[in-house]
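Breakdown of the fold
For reference, the chains in residue letters:
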There are 2 protein chains.
Amino acid sequence: MKFIHTSDWHLGRQFHNVSLLDDQKAVLDDLVAYMAENPVDALVIAGDVYDRSVPPTAAIELMSQLVEKVCNKLSTPIILIPGNHDGAQRLGFAAKQMTDSGLHILSNFDDMLTPVMIKTEQAGEVAFFGMPYSDPELVRHHFKQPVKDHDDAHRILAEEIVARFSNKQRSILISHCFVDGAIESESERPLSIGGSDRVSHSHFLPFDYVALGHLHQPQYKGEEYIRYSGSLMKYSFSEQHQKKGFTLVELDANGFKSAQHVELVAPHEMRIVEGELDEIIVKGKTDPKSHDYLLVRLLDKHAILNPMDKLRSVYPNVLHIEKPGMLVGVEQQMAKAKLARSEVDMFRDFFLEAQDASLSAEQDEAISGIIKQLNTH
Amino acid sequence: MKFIHTSDWHLGRQFHNVSLLDDQKAVLDDLVAYMAENPVDALVIAGDVYDRSVPPTAAIELMSQLVEKVCNKLSTPIILIPGNHDGAQRLGFAAKQMTDSGLHILSNFDDMLTPVMIKTEQAGEVAFFGMPYSDPELVRHHFKQPVKDHDDAHRILAEEIVARFSNKQRSILISHCFVDGAIESESERPLSIGGSDRVSHSHFLPFDYVALGHLHQPQYKGEEYIRYSGSLMKYSFSEQHQKKGFTLVELDANGFKSAQHVELVAPHEMRIVEGELDEIIVKGKTDPKSHDYLLVRLLDKHAILNPMDKLRSVYPNVLHIEKPGMLVGVEQQMAKAKLARSEVDMFRDFFLEAQDASLSAEQDEAISGIIKQLNTH
């Protein structure tokens, strides 16, 4: 049997004030197209469907359409848990009313202990247990056991589930947590501060497969069957070289058989472009991916007037500019003395940039006089 | 066949900073208990399930529990539309995934034109059409017809539905609007200003029954089968004498047969108590309903120190005090001259109230002197 493991959709996310909803819709369309051509037994979403507990209505509508396509048109069940970005109670509204249609939202501890059962020819009955994202405090309160951190919480939750195992079935765990030693990206919201969010993978060993969410880079930790699918798409420039998509998991009668990353590419990639302004603009004119979302690192050493406007004439979706070639703010002040670049020098740069010509001797004298006058006051 | 028509639950509503959720839960428990003893073919909710488009999670959980009790335990379908307080898209999430379980949330114009069909022995097939609450602008945009007000909008929506009638079936309309000539309460939020929200009942004549929501007083308008069930419970003191509950509707093979108001009483009633402080306190000591939510109108003519504390010693849930016996603010200033009540008179009142004794001659002289001194500056 095969199922798709995905996580961290963050529907409704904004990135540098740009809505990513159209890109998210395009990637989900690709996911649905894949499922139509390559039928699977289930679609598992390991948390962070939405970017926040009260998502924008457009994100809710997008998710509602996705659910209809997958559950109703493809007749494929969806099994999902809330992540730390989702609001469990909001997401869990009327969850029991949706199960007949194949939408399984496991949003509380009762749901956690009642697996979604899927019958398959190749692997017999497969039980999907979903562990909704929970603060340690919530686990302590519900199970009346000492819980000091996420590791304790996940140990207890896993034990509760394992106690309900049946030998006759394969058991899958869906969880949203930070497995110790796994690799972070810049776009995840920390679960807690100072490392107390780390969970040992050893709690998860008894399962046939563990579908993890939270970390945005696809990876496995400890065992090949304890995996992060990674996020649906890139959510920070630091992820520019990460492959995004979903994990295609295969089980047989013996349990875990294989896990394969299937790539999904968003219409706008997120990437970093580095160089001097002029060379970037020349390159941009023939760049077939000029509509990507860009972070531009300008290496020019001199001041530039309106670099954003200039860059956007060839790369319309430049979202952010860094100028490692120029020091700014306090550093700039300190550097100024060091480099002995006076206001007059900076004005000469500015004039060259704005007028595409150097100051004449007369102009230079005039501006030098004015600046001197201002500085003596 | 019988069904329950209810509306305007406003789950999550606050009243004078008090949460009404426990009262709402108690009333819904009574509704479910009624349905368990007196089975019906459907529960119809004509809008304003929640008090706002992003309801508190506790309200969502209460609604989720209600749905489970009615749809799953009693196997009774629920048919509901969003009202002007609800967020249609939020409420409509995964609506198609809920229909198999019997939860029908009709939140857009496509849903409106696809009736929920219920087969009954007594009345044959009954079609429930739900008209989600919509601004005139939305109707204009969707149906590409001139729509200047709510009346136009409801005429067009009703025509669209009537065009889909089948002779073989009874047709029920669910709508959330203000039928012209019906009686308002203080707790409804106006749909628009200046009377442009009024809708003629004549658009609704072709239906066998029209289950209306929005107005909080149970009533019918135009025809006995065009009815408001009224709100689940009282939501303003102006509703103190209104009967609250739901409407039990009966249909037979000829269509509408009867509509009957069934009363539900909240644990805390909302009512107004009027009188002088002393008499109210005496009465309160033996009032069996002393825990009700009260507006107290104090008829005393003199100033009273801490009336709220005094009243709450017998009526713990006094939420608001009015003092028609004493004029306040600007009116007080004007009245002061008229009544020739000086600061000294008012201080005498205050002292009597605070010390339970009159000023002595010496005290009176002292305070009169101070006030005179202050007034001359």
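This text goes with the structure placed above it.
Attention here is on the structure that accompanies the text. (Residues numbered from 1 in each chain as written. Chains lettered and ligands numbered in written order. Predicted model: local features only at pLDDT ≥ 70, side-chain atom pairs only at ≥ 80, totals over all residues. Heavy atoms only, no water.)

**Some remarks on the interface of chain B and chain A**
- Chain B puts 25 residues into the contact, and the matching count from chain A is 25 residues.
- When chain B packs against chain A, the two sides together hide about 2200 Å² of surface, and 62% of this comes from carbon and sulfur.
- It is Arg90, Phe93 and Gln97 of chain B in chain B that bury the most area against chain A; as a group they hold 35% of the surface buried on that side.
- For the pair chain B and chain A, the interface holds 2 salt bridges.
- Between Lys96 of chain A and Glu68 of chain B there is a salt bridge whose closest N-O contact spans 3.8 Å.
- Put simply, chain B and chain A have 8 residue pairs in polar contact (both at pLDDT 80 or more) between them.
- Elements that contribute at least two residues to the side of chain B that touches chain A include exactly α2 (57-73), α3 (88-91) and β6 (103-105) of chain B.
- Here the side of chain B that touches chain A takes 9 residues from α2 of chain B, the largest share from any one element.
- Looking at the side of chain B that touches chain A, its residues break down into 13 nonpolar, 7 polar and 5 charged. (Contact = heavy atoms within 4.5 Å. Buried area = accessible area lost by both parts, 1.4 Å probe. Salt bridge = Lys/Arg side-chain N within 4 Å of Asp/Glu carboxyl O. Polar contact = N/O pair within 3.5 Å; in protein donor to acceptor, adjacent residues only side chain to side chain. Helix = DSSP H or I, 4+ residues; strand = E, 2+ residues; numbered from the N terminus. Nonpolar A, V, L, I, M, F, W, Y, C, P; charged D, E, K, R; others polar.)

**Description of unusual backbone geometry**
- Positive phi outside glycine occurs at Ser75 of chain A, with the angle close to 50°.
- Mapped onto the elements of the fold, Ser75 of chain A is located in the loop between α2 (57-73) and β5 (78-80).
- Judged by its relative accessible area of 57%, Ser75 of chain A is exposed.
- In this structure, Asp8 of chain B is a non-glycine residue whose phi angle is positive, near 55°.
- Following the sequence through the fold, Asp8 of chain B ends up in the loop between β1 (2-6) and β2 (14-15).
- We classify Asp8 of chain B as buried; its relative accessible area is 0%. (Buried < 20%, exposed > 50% of the residue type's maximum accessible area, 1.4 Å probe, protein only.)

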